[in-house]
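So the chains spell out like this:
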Amino acid sequence: MSKTSDMVRAEVMRLSPYNSGLTIGEVMQRYAPARIAKLGSNENPIGPSPTLATMMQSSAEMFRLYPDPAGRELRRAIAARYAASEDQVILGNGSEDLLSVISRAVLRPGDSVVTLYPSFPLHEDYATLMGATVNRVGVRNDLTIDVDALIEAVRERPRMLLFSNPMNPVGSWLPGGDLSKLLDAVGDETLIVVDEAYAEYAEGDDYVSSLPFLKPRDRPWIVLRTFSKAFGLAGLRIGFGIVGDPHLRALLDRVRTPFNANGVAQAAALAALADEEHLAKVVALARTERARVESFLRSKGLKVAPSRGNFLFFDCRQDANTFVEGLLRDGVIVKPWRQDGFDTYVRVSIGSPSENDHFMAALSRLL
Ligand SMILES: *Cc1c(COP(=O)(O)O)cnc(C)c1O
């Protein structure tokens, strides 16, 4: 009888399982804490726009029917908001789905993909699955992005440059000047994919989206955005890409499954896009609370990365798994970073003020 490991492709055997952390139910079962702060997955403590409640009242038809496979209404709204054309917009079952679509469409065995390290695991996994080699560009000692090392790496003409800005898990970002310098260094043979999952939290000061730099560019590029973070729809699974070349978008469309963006998610995303006021409130709270948690961590003498996301990445100066287990006993869920060289690092999401208080109190007890 053949072994499962002989049946499955070698690239699959090289993938690590996704480190998703414990659910609220699992923590309850294990430790039964008095209360739980779920700060391990960068979810939004306020949630989506309250206008969604009205939308959900008419959702029975959306449950019954197949969604619009082209997602026209939502794509039109996205195109208007980001000053793109409708035929440049592609929808995904979360932006992670688009990472998979892009990798499957573009990557051949032996290709190289340049990404940042420590990395968002999905930026590496789909590349590995397709037989590509991942070239990791590490952050500097102060945990900022090393633009010169990135430029050096893209000079080797990889098939793809894929990075998040602001960067997950670290939170640091490429300021506008560095971003423009990097994008200028990329040649025609490299597909630029900028994952801007946290852009709404970051915009302003020296952070700019890559869209204004990329739009005038007659070379292959894709910017990924999501409704999971600042728009508060992580559970619905909807994200999108803006693709420089409409022809490339049309080809990617063939690779995705036709109903990857479900009807309820499309309708919810439309409602979320329309509520600017709610988005501003979410972003303002995350920024104020991030500053508060960051100064607390620094006051404890911990090394914390500069962050423009709704999360902070810090060195807990002990095995992160043990540290995180200690927080769990108190009902606080955070993410230990398990990549080489960062196994004393933890990523904590910025929650509601009381969740953040809960985290800080638990951490004080531990240290
Ligand atoms: C959270 C996150 C996403 C969003 O994934 P979805 O599939 O849209 O929920 C994408 N990229 C990065 C870097 C993220 O941190």
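Parameters at a glance
- Residues numbered from 1 in each chain as written.
- Predicted model: local features only at pLDDT ≥ 70, side-chain atom pairs only at ≥ 80, totals over all residues.
- Heavy atoms only, no water.
- Phe/Tyr/Trp six-rings, centres within 6.5 Å; stacked < 30°, edge-to-face > 60°.
- Buried < 20%, exposed > 50% of the residue type's maximum accessible area, 1.4 Å probe, protein only.
- Helix = DSSP H or I, 4+ residues; strand = E, 2+ residues; numbered from the N terminus.
- Lys NZ or Arg CZ within 6 Å of the ring centre and 35° of its normal.
- Axes fitted to C-alpha atoms, helices over the stretch in contact; angles between N-to-C directions.
- Parallel < 35°, antiparallel > 145°, perpendicular 65-115°, else oblique.
- Contact = heavy atoms within 4.5 Å.
- Near = heavy atom within 4 Å.
- Polar contact = N/O pair within 3.5 Å; in protein donor to acceptor, adjacent residues only side chain to side chain.
- Areas by Shrake-Rupley, 256 points an atom, 1.4 Å probe, with all protein chains shown as cover.
- Nonpolar A, V, L, I, M, F, W, Y, C, P; charged D, E, K, R; others polar.
- Pairing = 2+ DSSP bridges.

(A) Up close: the packing of aromatic side chains. Evaluated as defined, the whole model comprises twelve aromatic pairs. Measuring from ring centre to ring centre gives 5.0 Å for Phe227 and Phe231, while their planes differ by 50°; the resulting arrangement is tilted. Phe231 carries the same exposure label as Phe227, and that label is buried. Seen in terms of ring centroids, Phe227 and Phe240 are 5.6 Å apart; in terms of plane orientation they differ by 45°. Their pairing is tilted. Pair noted here: Phe227 is in the loop between β7 (221-226) and β8 (239-243) and Phe240 is in strand β8, with a separation of 13 residues, a long-range link. Accessibility classification places Phe227 together with Phe240 in one group, the buried group. By the ring-pair criterion, three or more aromatic residues cluster together here, those being Tyr117, Phe313, Trp337, Phe342 and Tyr345. Residue placement shows Arg308 over the ring face of Trp173; its charged tip is 4.2 Å from the ring centre. The aromatic ring of Phe311 is capped on one face by Arg347, whose charged end is 5.9 Å from the ring centroid.

(B) Focus on the packing of helix α15 (residues 276-299) against helix α17 (residues 353-366). Close contact between α15 and α17 brings their axes to 11 Å; oriented N to C, the two are set at 10°. By the angle class used here, α15 and α17 are roughly parallel. Residue-level inspection shows Leu285, Glu289, Arg292, Val293, Phe296 and Leu297 of α15 in contact with α17, the latter providing Pro353, Asn356, Asp357, Phe359, Met360, Leu363 and Ser364.

(C) Examining the site of the ligand more closely. What surrounds the ligand is a group of 13 residues, the closest being Asn168, Asp195, Thr226, Ser228 and Lys229. Here Asp195 contributes a side-chain N or O atom positioned 2.6 Å from a nitrogen atom of the ligand. The separation between an oxygen atom of the ligand and a polar side-chain atom of Thr226 is 2.5 Å. A total of 390 Å² of accessible area belongs to the ligand in isolation, and the protein chains cover 93% of it. When grouped by side-chain class, the residues that make up the shell around the ligand number three nonpolar, six polar and four charged.

(D) Fine view of the pairing of β7. Counting buried residues along β7, six of its six residues qualify, which places the element largely inside the surrounding structure. Bridge count for strand β6 (residues 191-195) against β7 is four bridges, and the pairing is parallel. If you follow Val193 over to β7, its bridge partner there is Ile222. Bridge analysis of β7 against β8 gives five bridges, and the strand direction is antiparallel. Pairing of Arg225 across the sheet is with Phe240, part of β8.

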